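The chain contents come next:
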There are 2 protein chains.
Amino acid sequence: MGGVTTPERERVPKQDRSRATRQRLLEAAVACLAEHGWAGSTVSVVAERAGVSRGAAQHHFPTREDLFTAAVEYVAEERSTALRALFPEGAGQDRRAVVTALVDLYTGPLFRAALHLWVAASNEDQLRPRVTELEARVGRETHRIAVDLLGADESRPGVRETVQGLLDMARGLGLANLLTDDTGRRDRVVAQWAALLDEALD
Amino acid sequence: MGGVTTPERERVPKQDRSRATRQRLLEAAVACLAEHGWAGSTVSVVAERAGVSRGAAQHHFPTREDLFTAAVEYVAEERSTALRALFPEGAGQDRRAVVTALVDLYTGPLFRAALHLWVAASNEDQLRPRVTELEARVGRETHRIAVDLLGADESRPGVRETVQGLLDMARGLGLANLLTDDTGRRDRVVAQWAALLDEALD
């Protein structure tokens, strides 16, 4: 420690520092949205939470809509990557484990943050098209992962809708977990529907 | 008309007028919540929309929380009654029609209003216990109706969770309909899952 004369900050290339700042802002934005909702989430609040100046935050994200849609997308991508990493062998997994992991996407801070953004978008004209487009993109990616991991053959009639319905259920289970810890009930529902799904997909 | 000398207002007993005022306030509150969200929904805004003085509104509902939780409960009860009335013969109905009617509970202004209240409650300590309790009560009643109309025998293992999962899916489908008209996709998902449910319940 004592022998280091160049501060850490100067040894990190500028581009990497910029990327690290951006990432800190995105993570702070999701946490802020999850905790305080849309009304309590501004660029200033997020900049302070991330330890970044308001000017630097606005350099990365010119508008509030830019910051929060980018944040939800960033964390959704992180979670998609983590979900695929959980099942490195792809299809042919224990379907109940896959259903549990899919349902888990809709609990926790990301889902809370996304839900706040979604609900705010339903009443705000500036936000609506951005969030609609974001949700469609994230939804398509989640559907693709679900099809892969469940080994679902979408060329068979009804299979596409079976997977879609499962993801709708996962979203509804996430909503049921918003105000109370619904883990016990959710586990029982997941066990039952994973069994029904297994029959439907084979 | 010309011969009527007593104004309509005076011929209606005071108690009925009070009930009518209350009902106008409840309906205005749900509409306001659905359109403007929690942040834009105050007792004053609702009173004006209902054509009632602020004082009269506060006589019926001393706090903002009282007004909006009562409003969501009132409309939920109306919808439950309407749902039972759709199937006066109870169980043994066409299950797809029942599933469609259940899913319909989670689209439209009531669901939007309830969702706003739900999401606001997740960040507001005054609101959370009220909404948690309300949702539990409304959820139990909806579950009871679903079991009756689907002719589900809950003494059989898994049947309770099957019905619960269906209602979770209905809630998730409601969420998917918030920003865009999801009717086409929803109809296909409902058709498929009604068929899976039919097998699971028989």
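Only a predicted model underlies this, so the values are computations on that prediction, with no experimental measurement involved.

Caption draft 1: Layout of the overall build of chain A. Secondary structure summary: chain A contains ten helices and zero strands in total. In sequence order, the secondary structure elements of chain A are arranged as α-α-α-α-α-α-α-α-α-α. Considered along the principal axes of its C-alpha atoms, chain A spans approximately 65 × 45 × 35 Å. Taking all 202 residues of chain A together, the buried fraction comes to 50%. The contacts in chain A between residues at least 6 apart in sequence include a share of 66% that link residues at least 24 apart. Of the roughly 9,800 Å² that chain A leaves accessible, carbon and sulfur atoms contribute 50%. Treating the 26 positive side-chain charges of chain A as one cloud and the 30 negative ones as another, the clouds have centres 5 Å apart.

Caption draft 2: Layout of the relation of the copies chain B and chain A. Once chain B has been moved 0.0 Å along the axis and rotated by 180°, it coincides with chain A to within an RMSD of 0.0 Å. Both copies of the chain, as the preceding transformation shows, are related through a two-fold rotation axis. Looking at chain B, 100% of its interface residues are interface residues in chain A too, so the copies touch through the same face.

Caption draft 3: Summary view of the UniProt feature "DNA-binding region" (unreviewed entry) in chain A. What UniProt calls "DNA-binding region" (unreviewed entry) maps, in this numbering, to residues 42–61 of chain A. Span residues 42–61 of chain A is 75% helix and 0% strand, its end C-alpha atoms 12 Å apart.

Caption draft 4: Looking closely at the side chain of A:Glu65. Residue and element names in this part refer to chain A. Mapping Glu65 onto the fold places it in helix H5 (residues 64–86). One buried charged side chain, Glu65, makes no salt bridge at all; its nearest oppositely charged neighbour is Arg64, positioned 5.6 Å away. Setting aside residues no more than four positions away along its own chain, Glu65 makes contact with Trp38, Gln126, Leu127 and Arg130.

Caption draft 5: A look at the packing of H5(A) against helix H7 (residues 109–121) of chain A. Residues and elements named next belong to chain A. For the pair H5 and H7, the least separation of the axes is 10 Å and the interaxial angle reads 145°. For H5 against H7, the interelement crossing comes out left-handed. Here Phe68, Thr69, Val72, Val75, Ala76 and Arg79 of H5 come into contact with H7, specifically with Leu110, Ala113, Ala114 and Leu117.

Caption draft 6: Quick peek at the nonpolar core. If you look at the biggest cluster of nonpolar residues, it comprises 140 residues, and the most contacted ones within it are A:Leu102, A:Leu117, A:Leu150, B:Leu102, B:Leu117 and B:Leu150. Discounting residues that sit within four places of it in the chain, B:Leu117 has contacts with B:Leu33, B:Trp38, B:Phe68, B:Thr69, B:Val72, B:Leu127, B:Val131 and B:Leu134.

Caption draft 7: Seen up close, the packing of H7(A) against helix H8 (residues 128–150) of chain A. Residues and elements named next belong to chain A. Between H7 and H8, the shortest axis-to-axis distance is 9 Å and the interhelical angle comes to 135°. Classed by the angle they form, the pair H7 and H8 counts as oblique. The interaxial crossing formed by H7 with H8 has left-handed handedness. Across the interface between the two elements, Ala114, Leu117, Trp118 and Ala121 from H7 touch Arg128, Val131, Leu134 and Glu135 from H8.

Quick notes on the rules
- Residues numbered from 1 in each chain as written.
- Chains lettered and ligands numbered in written order.
- Predicted model: local features only at pLDDT ≥ 70, side-chain atom pairs only at ≥ 80, totals over all residues.
- Heavy atoms only, no water.
- Helix = DSSP H or I, 4+ residues; strand = E, 2+ residues; numbered from the N terminus.
- Buried < 20%, exposed > 50% of the residue type's maximum accessible area, 1.4 Å probe, protein only.
- Contact = heavy atoms within 4.5 Å.
- Areas by Shrake-Rupley, 256 points an atom, 1.4 Å probe, with all protein chains shown as cover.
- Lys, Arg positive; Asp, Glu negative; His and termini not counted.
- Charge placed at Lys NZ, Arg CZ, Asp CG, Glu CD.
- Least-squares fit on C-alpha atoms with pLDDT ≥ 70 in both.
- UniProt positions renumbered as here; feature names shortened; annotations may be inferred.
- Salt bridge = Lys/Arg side-chain N within 4 Å of Asp/Glu carboxyl O.
- Axes fitted to C-alpha atoms, helices over the stretch in contact; angles between N-to-C directions.
- Left-handed = near helix turned anticlockwise from the far one by under 90°.
- Core = buried A, V, L, I, M, F, W, Y, C linked by side-chain atoms within 4.5 Å.
- Parallel < 35°, antiparallel > 145°, perpendicular 65-115°, else oblique.

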